Amino acid sequence: NNFIPETYTLSSFPNPFNPITTISFSIPEFGLTTVRAYDLTGKEIGTLTHTNLNPGMYNIDWNASSYPSGVYLLRMDSKGFTKTQKVVLIK
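In this text the structure is predicted, and so the values were computed from the model without any measurement. (Residues numbered from 1 in each chain as written. Predicted model: local features only at pLDDT ≥ 70, side-chain atom pairs only at ≥ 80, totals over all residues. Heavy atoms only, no water.)

Student: Lay out the overall build of the protein with the relevant residues and their values.
Tutor: Helices and strands together make up the secondary structure of the protein, namely 0 helices and 7 strands. Starting at the N terminus and walking to the C terminus, you meet the elements of the protein as β-β-β-β-β-β-β. Each principal axis of the C-alpha distribution contributes one length, and for the protein these read about 40 × 25 × 15 Å. Considering the protein as a whole, with its 91 residues, one finds that 36% of them fall into the buried category. (Helix = DSSP H or I, 4+ residues; strand = E, 2+ residues; numbered from the N terminus. Buried < 20%, exposed > 50% of the residue type's maximum accessible area, 1.4 Å probe, protein only.)

This is the structure in structure tokens:
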């Protein structure tokens, strides 16, 4: 697939989820891209990716089975772009 996105995106499906959600994101240019999960206190609970990526669309499955039900934040950083997505874990 040679599709190069024009914008940065971040989303997750399903949301709410139990216990796995697929995080989808796109980046329009090469660069270090990081996706991290945080609890509502702002404590980082996991780094889902932290690597240089080519332009494109990506998916990461996050298995949150070791965390309690609640609201979590996913944050993507890439080339000066930052986006946060709220996700809800229901057990």
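Student: How would you explain the sheet that holds strand 7 (residues 81-89) if you had to name every residue and give the values?
Tutor: Taken together, 4 strands build an open sheet; the order of strands is 4-3-6-7 and the sheet is antiparallel. Two strands close off the open sheet at either side, each with one partner strand: strand 4 (44-53) and strand 7. Ignoring which end each strand starts from, the neighbouring axes of this sheet average 15 degrees apart. When strand 6 (residues 70-78) meets strand 7, the two strands line up antiparallel, connected through 9 bridges. In the strand pairing of strand 7, L74 is matched with Q85. (Pairing = 2+ DSSP bridges. Axes fitted to C-alpha atoms, helices over the stretch in contact; angles between N-to-C directions.)

Student: Report on the environment of S12, specifying residues and quantitative values.
Tutor: Along the chain, S12 falls in strand 1 (residues 9-13). C-alpha separation for the pair S12 and N59, spaced 47 residues apart in sequence, amounts to 9.1 Å. Ignoring sequence-local partners within four residues, the contact set of S12 consists of T21, T22, I23, L74, Q85 and V87. (Contact = heavy atoms within 4.5 Å.)

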